[in-house]
Amino acid sequence: MKSTEIRERFLSFFAARGHTRVESDDLIPRGDPTVLFTSAGMNPFKDYFLGKRTDLSRAASCQKCLRTGDLENVGRSPSHHSFFEMLGNFSFGDYFKTEAIQWAWEFLTGTLDYEGKKRSDVPKRCLDLPAAKLWISVYEEDEEAFHLWRQLGVPENRIRKFGQKDNFWPSNAPKEGPNGPCGPCSEIYFDSEGKVQGPCSVELWNLVFTQFDRQSDGKLLALPRRNIDTGMGLERLTRVLQGVETDYETDLFLPIIKAIEGLSRKAAKSGKTATLFAIADHIRAIVFLIAEGLLPSNESRGYVLRMLIRRTYRLMRSLFGDESEEGLSLASLVPAVEQAMQGSSYSELLLSKRSIIERVIQQEERQFMETLELGISRLEELMKRASDRRIISGEEAFKLYDTYGFPLELTEDIAEENAFSIDRQGFESALKAQQERSRAGSQFSGGVFVNDALEIRCHIPGLPQKEALFVGYDRLTQESVIKGLWDGKRWVDAMGAGQSVGIVLEHSPFYGEAGGQIGDTGIIEASRGKAEVEKTNWVDGVLVHQATVQQGTLRVNDSAKASVDQQRRMKVARTHTATHLLHWALRSVLGPEAVQAGSFVDVERVRFDFSSLKALHEEQRYQVESLVNSRVRLVDPVSIAQMPLEQAKKAGALALFGEKYESRVRVVTIGDYSKELCGGTHVPHTGFVGNFAIVQESSIAAGTRRLEVLVGEAAITWQQQNQRWLQEAARRLGRPAHEVISGLEELLDQLKQGQRQRQNLQQQLARVRAERLVAEGKKINGVTLVISTIQQADRELLVTMADALRLALKENGVIFLASALGSNQAAFVMSLTADLVSKLHSGEILKAVAPIACGSGGGRAEFAQAGGKDPSAIPAVLSRAEQLVREALLSP
C-alpha cells in the first residue's frame, strides 16, 4: 500500500466518524511564538485543547513536523527523523477513551474486536494488520484503559502496564510536573514476529487521554473537559504496511535514496547506510522549510535551516569521498523529494517553489564552501592543541560559529568523529554575551504596557469575544462602558487626573496594534472624567487602551464615549494600503519568492521586511517605486470582504508568513492585482496614498531585506529635501543639476590619482628608510632583527615599510614595526623572510605581545598585524617581542 493511500485511508476513516479533516499547518506555526517549529500533530490545536476556540469538537489531520533535538540518531536508527508526518485524531471535550481505543483498533485491523469480525469498509478506509502481531501498553494505574482493551478481546498477556515515565503525558508528570493538563496514554505496537516487546517491535500509535489538571501540590484534579490527542508516524506505519526493515526503504524515501546513489557510483557502493539515510532525511526538512519561506541565517529558525544544509552538505562530501566535487549540490535532490511526495497535498507547493528552493540551497553551499576548509583547518588545529584533554572550549566553538559559519552541531559532529567533546555550556555563555551586546546596540525597545501573560478575561467576566470587542472598521466613535482599569500592577475601581491607566471597554472603535499596524490614539470621555489614549494593544484577546487621565475621575462601569483620532487613523490606513501595494510591486519585479517577512505600519512610514537572496539594484528599486505610484495615480478601488479561510485561499489571497488566522478572515483586494488576508485598516482607493518613496534598503539577516518607506506628505517632504540637496551640490560644483554625476566622477578620479601619487611617495620613502633600518638592525645568531617605532605612520605605511624591509633583507630577516596612531591607538606589524617560517610565527608572537598595549592581533606565520589602545606601552611591546624572537632563534 502506497503512503498516499495510507494518508487518505486514515483521514477518510475519521471523517466518516464525524471528524473535520484539517489541512497540515506549516512547519513554522502561524501565530504561535512559543515554539520554533511544529513538532507534534497537536500543536495546531492548542487553542482547542485550552478552550479558547470551540468551533471544532473533533478533528483529524496528517501534520508535517520537525524535530532537531537529537540529529545524531537520524539515519542510525530505522525510524528516527528530523522531518516526519504525524497522523492524528483529536477530541476537544467530546468523545473519550472508549471511542479512541475502539476506532484505533478498527482502523489498524479492519475488525471490530480481537476475534476478527471484519468491517464492511476495510477496502476503503481501514488497514488489514493481523491482530496477532499487535500488542498494547497502558499506564499502570489506568484500569479503565486496560479493561477497554480487554473488552475488545485483546488477551491479557498482550497488554503491558508501564509507569509514568513511559505511559503518561507529559512523561513523569504526576511526580515531576509540569502543572496543568496531563493524562495517561496507551500505545499500540506492531511486531512482525508476533511477539510482545520483541526485537522487531515498532511503536505505531500513541493515544493520549488528557483527563487531569496537575496542581502545584502534585494533586491530579479531574478536568471538566477531557480531550483525546493521538499520534501515529506515517513513516513507521508505511514501513510496517510495506513490509520493510526501515522507514528509509519505503516509497517516502526510496526516490531520494536512488537520487543520492545516482550522483556517485562510489556513494552507491559505499555501504555508508547511516550517512545515506541521514542525507535523505535532512533534505526533506530543508526542502519543506524553504518552501514555506524560511531562509538560512544565524538566528532562530534560520539558524536551524543553515545548520541542516551545512550538515547535510558535509555528509554528502564524506559519502562521495575524493570523487570530483564539481557541480555537487544538494539542490539536485529537490526533484526527488517532489517525486517522493507525489499524490500528497504538498506536491503542488514543492513544484511551484522548486526554483527558489534550489537557489537558496546553492547559495548557502557556496557560502559554506568559502569557509569550510578554513574552519576545518582551525578545528583540526584546536584538536591538536587539546589532544591531552580531548575537549574543545566553548569560546573556541563559538568563534568557529561566529567567524567561520560553523553551526555548533557541525563542530560537535567533527569533534565526535575524532573522539573529542565540546564545552556546550561555554558556547551558550559566549552566544548569550553576543546576543546581549546586539540587544544593547539596538534602537528598538521590546517594552509593552501590559504583561502579555496577564489574563484579563479572568478578572473581567462578561466581555464579548475578541471579534465583537473591536467595532472600529466602520466607525470612529462608540458609546461604551468602562469594564476595567489597570494601574500597572493591579485592577482598580477608579483612576484620577494625571494617572496612567490601562482602560478596557465593553466595545471599542480603537484599533489595537496587530499585523504590523500601530494602534489607534484618541479620547475616552466619561461623565466624570476624560482620558487621552496614547496607545492601544491586544492582550489576552482584549483591547487595552494605554491612557493618561486628563481631568476628573474614571470609574469601572461608567458609561463612556470613545473617539479615535480621525486624521491619524486615515494616515495609518493609507500607509497600510501602501504596504500592500509595495508587496505586490516587489513580487512583480523580483518574482513570487519575494514574500513579506514582517512589517511595521506607522503614521507616514513603513518598515517592510521581505525574503530575497539579493539586494535590490537601483533599476529594480526605481521599478518598484514607479509601479506603486502608477497605481496610486490610477485610483484603484480597495475592497474588503469576510469569508471562510479556505475560500479565501482558493480565491488566491496571500496569507502572510507566521501569521495566525481564524476560521473566517478579512480579505483586502486592490484592483485586480493584489489580494491579501489582512485585519488592518485601509483607505477606500489607492489615490488616498498620495505619494510613495523608498528611502533606504538594508539587510537584516541572510536572505531577508528591509525597506524603509515614506508615504503621503512625508514622502513629498523627503523628495523636496533631496531636490534641495541636489541643487546645493550643483551650486558647489558650479554645474547644472544634470551634470552633478559627471562632476563628481571627475572629482573622484582626481582623488584616486592623488592617492596613487601618495602611495608611490610612501613606497619611495619606505625604500629609503628600509636601507637605514637594515643597517641599524640587530644581529641574533645570524639573523637580522629590524625592530623600530616609526613616527607619523599609519597602518598602510607600516605594511608598506615591512614589505620593503623584507625585500631588502631577502633572507634571515625579522621585522617588527610599531606606530602611535593618536593618543589612544597603536599599530603593530611583524614580518619574516620565507626561510624563517619554520622557526618563528608572526601571528603567535603578535598575539602574545599585543595585550601589553591593551590590544589584540594575529595572522599568518610570515606576516601579521595587531592593534592596541595604549600607545605609551609601545616600548614594552617592542622589548617583549625582541625577547621572544631571541628565545626562538637561540634555542637549540
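Up top is the structure.
Residues numbered from 1 in each chain as written. Predicted model: local features only at pLDDT ≥ 70, side-chain atom pairs only at ≥ 80, totals over all residues. Heavy atoms only, no water.

A.B. asks: Explanation requested: helix α10 (residues 273–291) in the structure shown.
C.D. replies: In a regular helix each residue adds 1.5 Å, so 19 residues correspond to 27 Å; α10 covers 27 Å between its end C-alpha atoms and thus fits that length. Buried residues dominate α10, accounting for 17 of its 19 residues. Where α10 ends, the next residue or the one after it, Gly293, has phi of about 105 degrees, a positive value. (Helix = DSSP H or I, 4+ residues; strand = E, 2+ residues; numbered from the N terminus. Expected span 1.5 Å × (residues − 1). Buried < 20%, exposed > 50% of the residue type's maximum accessible area, 1.4 Å probe, protein only.)

A.B. asks: Looking at this structure, how should I read the side chain of Ser842?
C.D. replies: Its place among the elements puts Ser842 in helix α26 (residues 842–849). Given the relative accessible area of 0%, Ser842 is considered buried. Excluding residues within four positions of it along the chain, Ser842 makes contact with Met830, Ser831, Leu832, Arg860, Ala861, Glu862, Phe863 and Ala864. (Contact = heavy atoms within 4.5 Å.)

A.B. asks: What's the story with the sheet that holds strand β23 (residues 664–670) in this structure? I'm lost.
C.D. replies: Strand pairing in a sheet is mediated by backbone hydrogen bonds. Such pairs are either parallel or antiparallel. Spatially, the three strands line up as an open sheet ordered β22-β23-β24, and their pairing is antiparallel. Edge strands, defined here as strands with exactly one partner in the open sheet, are β22 (638–644) and β24 (674–677). The mean inter-strand angle of the sheet, taken between neighbouring strand axes irrespective of direction, is 25 degrees. (Pairing = 2+ DSSP bridges. Axes fitted to C-alpha atoms, helices over the stretch in contact; angles between N-to-C directions.)

A.B. asks: Help me understand the environment of Arg306 in this model?
C.D. replies: Considering the arrangement of structural elements, one finds Arg306 in helix α11 (residues 300–320). Residue class for Arg306 comes out buried when judged on its relative accessible area of 8%. Between the C-alpha atoms of Arg306 and Phe368, which are 62 residues apart in sequence, the distance is 9.5 Å.

A.B. asks: I'm lost on the environment of Glu676 in this one. Help?
C.D. replies: With respect to the helices, strands and loops of the structure, Glu676 is situated in strand β24. When the C-alpha positions of Glu676 and Ser599 are compared, they lie 14 Å apart, and in sequence the two are 77 residues distant. Those residues in contact with Glu676, other than ones at most four positions away along the chain, are His580, His583, Gln596, Ala653, Leu654, Leu656, Arg666, Val667 and Val668.

A.B. asks: Looking at this model, I keep getting lost on the pattern of salt bridges. Mind explaining?
C.D. replies: Pairing of side chains with opposite charge becomes possible as their charged atoms draw close. In this structure the tally under the stated criterion is 42 salt bridges. Here Asp474 ties to Arg475 by a salt bridge, and the two come within 3.6 Å at their closest N and O atoms. With relative accessibility at 37%, the residue Arg475 sits in the partly exposed group. For Glu604, the salt bridge goes to Arg574, with nearest N and O atoms at 3.4 Å. (Salt bridge = Lys/Arg side-chain N within 4 Å of Asp/Glu carboxyl O.)

A.B. asks: Is there a simple way to explain the packing of helix α1 (residues 3–15) against helix α3 (residues 97–109) in this structure?
C.D. replies: Where α1 meets α3, the axes come as close as 11 Å, and the angle between the chain directions of the two elements is 140 degrees. Overall, the two elements α1 and α3 adopt an arrangement that is oblique. In this structure, α1 crosses over α3, and the sense of that crossing is right-handed. Listed contacts from α3 to Arg9, Phe10, Phe13 and Phe14 of α1 are Trp103, Glu106 and Phe107. Of the residues contributing to the contact of α1 with α3, the split by class is five nonpolar, no polar and two charged. (Parallel < 35°, antiparallel > 145°, perpendicular 65-115°, else oblique. Left-handed = near helix turned anticlockwise from the far one by under 90°. Nonpolar A, V, L, I, M, F, W, Y, C, P; charged D, E, K, R; others polar.)

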